[in-house]
Amino acid sequence: MINIHGIGWITKEEYGCIARGEKIPYKNVVEFDSFLRKRIFPCPFKNFGRLDRISKLTCYAIALAMKDAGISYIPQKRQDIGIVGAGDSGSLQSDIDYFKDYLDCGRTLSRGNLFIYTLPSSPLGEAAIHFGLQGPLLYTAAPEEPLRTAMTIASEMVLSGETPAILAGMTEDGAAVYFVLMKDSVSNKNILCDEKDIRAILNKGMTFKKMIKELLNLRKGNN
Amino acid sequence: MESRRISSSNKIKAVVVACDVVTAFGPGVDACWKGIISGETAISELKRFNTQAFQSGHAATIEGLKYLQKDSLVMQMFRLMFKKNPPSVPKDAKLILATTKGEIDLLEKKFLRGKGNASNANLRYLLKKVSALAGIQDSGIIISAACSSSSAALARGASMIRNGYSDCLLITACDSVTEFVYSGFSSLMALDKIAARPFDKDRRGLSLGEAASYALLMSEARAKKEKREIMGEIKGWGLSDDANHMTGPSRTSDGLIMAISKALKSAAVVASDICFISAHGTGTLYNDEMEMRAFHSVFKKRIPVYSVKGAIGHTIGSAGLVEAIIALRALKEKTVPPTVNLKTADDDAWGWVSDKKKTLTRNNAALITNAGFSGINTALVVG
């Protein structure tokens, strides 16, 4: 059986942890990044400013999910935890940013630090580096319900023993959510719910905001 | 792709029953195999766009493709491949498409020619086209894991079969050489000026290549029931991440060692069962060094190692699948391909790599390794 040990989420207005029942508004803060960085990352995030927006949101949601699951980390100390991330548009915005910049430079020079975010898996790579996650890492997309696809892949990887724990989630439209999945034989601590409970919510195909509301209800046992 | 088991056995074998490639050697596995075995390189002067400002002016491109025209380069490749050797794909097959940049030339076309829409480059549209072209009902999924994309997709497909979630999958992969991709690799100073020389003492960087490929996977039981030719088995796989650097490989190789160890365990084999390694072997200083360090750590005795990237270039998201197909062919032919463009093996690769093809005395299992940006590693055991 696969259990969910923590869920972290962030939108343009608020962020939180499901098991902890946290829902923190931040839309009125002046400096979006510096405020969130100090609040969300327990360890300093090297070069966070150069990350693209999808990478930042992904890393925020992963930090919150790990905190929710009670998984601590120290940069440089690695753990066999994987990441499966999903999205609707991949790296499209970063592709546009890179190519426009290249054209603006007269098609002679391009910037490597923009190019690296033109891979859909790069935001997950940034998270793997900061949190020291050495398990399987891949990006997935599907015509319908990419988040459900990411959850399916992640739970099958854990079930088949490819990795003992995995983060699965999605970043899109200025919002991100990540779930921590583990097999019950790996850890019985901090279990929030069965993976099937999450699947039942995802199957409803609701908006991000409504999904978070349902997830928070799940903690209260109202589902 | 719902998680619904069609069987509960965990001993189901995932076998390859059909496959094909289109590379710079032209359409077909035969063309690619013959090119590599003869020690030729398909890397040549790149005429698709102006390369004067870049670190190199060479790549391994497929002849006859039209750039910035109606169809994207990768769709032209798929058409070429499916036209020459149409796969007999059951309608109930699941679809996985592995790529990094898919139809990125459609985005280029928008900005360079003002035609189309940048969002046409969304990978989901490509998935829909490939699904229609292959004539299957499944809407499919994309897997993107940098230069390990298609080996991760193969691992995913094999896992679905082994664990009873499906008994037939079409794994497809593609990436092309475009100005977008070329300028990016050039900006990272990753390119050899002329042609990649994997594992050579004087290697200077990689050469970009392009390819489309597919492999039809089935459970052994279904393959036998449908009287399909079994070309080989995906015996095991391991995926890991270095968690170290976005573009630079690990200086300790622990990520790749982990992936190889997981793959051997998954295949229920030991290191001595592996008769050769198809390495990622990009030709960059650090990648090849990282891989050799991992091989020295896992394999106590020297075994043949080769890279196909001196011949067909680095085909990015398609690399793992093309290399797995070539490795299966090598097992069938009992021949280890040469490492094209190798002149003097680097000290750590000496005795492992060769510029000559080699006859295999045993052909039980082969290892295929891939590594990509974000520190993603994959290892596959085929046999």
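Residues numbered from 1 in each chain as written. Chains lettered and ligands numbered in written order. Predicted model: local features only at pLDDT ≥ 70, side-chain atom pairs only at ≥ 80, totals over all residues. Heavy atoms only, no water.

(A) The pairing of strand E2 (residues 14–17) of chain A, seen in detail. Residues and elements named next belong to chain A. Side chains Glu14 and Gly16 project from E2 onto one buried face, and the interleaved Tyr15 and Cys17 project onto a second face that is buried too. Two strands pair when backbone bridges link them, and strand E1 (residues 2–10) and E2 are joined in this way by three bridges, in the antiparallel orientation. When the sheet's bridge partners are listed, Ile10 is paired in E2 with Tyr15. Hairpin remark: E1 followed by E2, antiparallel, with three residues in the connecting loop. Across four bridges, E2 lies against strand E3 (residues 22–25) in antiparallel orientation. Bridging from a neighbouring strand, Glu14 pairs with Pro25 of E3. (Buried < 20%, exposed > 50% of the residue type's maximum accessible area, 1.4 Å probe, protein only. Helix = DSSP H or I, 4+ residues; strand = E, 2+ residues; numbered from the N terminus. Pairing = 2+ DSSP bridges.)

(B) Expanded view of helix H6 (residues 146–159) of chain A. All names here are of chain A. Taking 1.5 Å of rise per residue, the 14 residues of H6 would be expected to cover 20 Å, and the 20 Å separating its terminal C-alpha atoms lies within 8% of that figure. Taken across its 14 residues, H6 has 12 buried, putting it largely inside the fold. Following H6 by one or two positions, Gly161 adopts a phi angle in the positive range, close to 80 degrees. (Expected span 1.5 Å × (residues − 1).)

(C) Spatial organisation of the interface of chain B and chain A. Across the contact, 59 residues belong to chain B and 53 residues belong to chain A. In total, chain B and chain A occlude about 4500 Å² of area from one another, counting both sides; carbon and sulfur atoms represent 61% of this. Here chain B and chain A share six salt bridges between them. Here Lys262 of chain B and Asp80 of chain A are joined by a salt bridge, their closest N and O atoms 3.2 Å apart. (Contact = heavy atoms within 4.5 Å. Buried area = accessible area lost by both parts, 1.4 Å probe. Salt bridge = Lys/Arg side-chain N within 4 Å of Asp/Glu carboxyl O.)

(D) Examining the environment of Asn364 of chain B more closely. All names here are of chain B. Secondary-structure assignment places Asn364 in the loop between strand E13 (358–359) and strand E14 (365–372). Residue classification places Asn364 among the partly exposed positions, given a relative accessible area of 34%. Ignoring sequence-local partners within four residues, the contact set of Asn364 consists of Lys235, Asp273, Cys275, Val382 and Gly383. A polar atom in the side chain of Asn364 sits 3.2 Å from the backbone oxygen of Asp273. (Polar contact = N/O pair within 3.5 Å; in protein donor to acceptor, adjacent residues only side chain to side chain.)

(E) Summary view of unusual backbone geometry. For Arg107 of chain A, which is not a glycine, the phi torsion comes out positive at approximately 55 degrees. Positive phi values are uncommon outside glycine, yet Ala243 of chain B reaches one of about 50 degrees. Here Ala243 of chain B falls in the buried class, since its relative accessible area comes to 4%.

(F) Looking closely at helix H11 (residues 319–333) of chain B. All names here are of chain B. The end-to-end C-alpha distance of H11 is 21 Å, a good match for the 21 Å that 15 residues give at a rise of 1.5 Å each. Along H11, 13 of the 15 residues are buried, which leaves the element largely enclosed by surrounding structure. Among the residues trailing H11, Lys334 stands out with phi positive, at a value near 55 degrees.

(G) Just the domain arrangement of chain B, in detail. Residue and element names in this part refer to chain B. For chain B, the assigned domains are domain 1 (14–225) and domain 2 (235–382). If you average the C-alpha positions of domain 1 and of domain 2, the two centres end up 19 Å apart. Each side of the interface is counted separately: domain 1 has 63 residues, and domain 2 has 64 residues. Between domain 1 and domain 2, a total of about 4800 Å² is buried, with carbon and sulfur atoms accounting for 69% of that surface. Area buried by domain 1 at its contact with domain 2 is led by Trp33, Phe199 and Arg203, which between them contribute 19% of it. (Domains from an automatic or database assignment.)

(H) Fine view of the packing of aromatic side chains. All names here are of chain A. Counting across every chain of the model gives 25 aromatic pairs over all chains. Ring centres 5.3 Å apart and planes at 65 degrees place the aromatic pair Phe41 and Phe48 in the edge-to-face group. Neither residue differs from the other here; Phe41 and Phe48 are each classed as buried. Between Tyr98 and Phe115 the ring centres are 5.3 Å apart and the planes differ by 55 degrees, which places this aromatic pair in the tilted class. Here Tyr98, found in helix H3 (residues 92–104), pairs with Phe115, found in helix H4 (residues 112–115); they are 17 residues apart in sequence, far enough to count as distant. Just as Tyr98 is buried, Phe115 falls in that class too. (Phe/Tyr/Trp six-rings, centres within 6.5 Å; stacked < 30°, edge-to-face > 60°.)

(I) Geometry of the side chain of Arg222 of chain B. Along the chain, the position of Arg222 of chain B falls in helix H7 (residues 220–225). In this structure Arg222 of chain B comes out as buried when scored by relative accessible area, which is 13%.

(J) Highlighting the packing of helix H2 (residues 73–84) of chain B against helix H4 (residues 123–134) of chain B. All names here are of chain B. Look at H2 against H4: their axes get within 11 Å of each other, and the N-to-C directions meet at 15 degrees. When the axes of H2 and H4 are compared, the pair comes out roughly parallel. In this structure, H2 crosses over H4, and the sense of that crossing is right-handed. Between H2, through Val74, Met75, Phe78, Arg79 and Phe82, and H4, the contact on the second element is made entirely by Leu126, Lys129, Val130, Leu133 and Ala134. Here the residues of the contact of H2 with H4 sort into eight nonpolar, no polar and two charged. (Axes fitted to C-alpha atoms, helices over the stretch in contact; angles between N-to-C directions. Parallel < 35°, antiparallel > 145°, perpendicular 65-115°, else oblique. Left-handed = near helix turned anticlockwise from the far one by under 90°. Nonpolar A, V, L, I, M, F, W, Y, C, P; charged D, E, K, R; others polar.)

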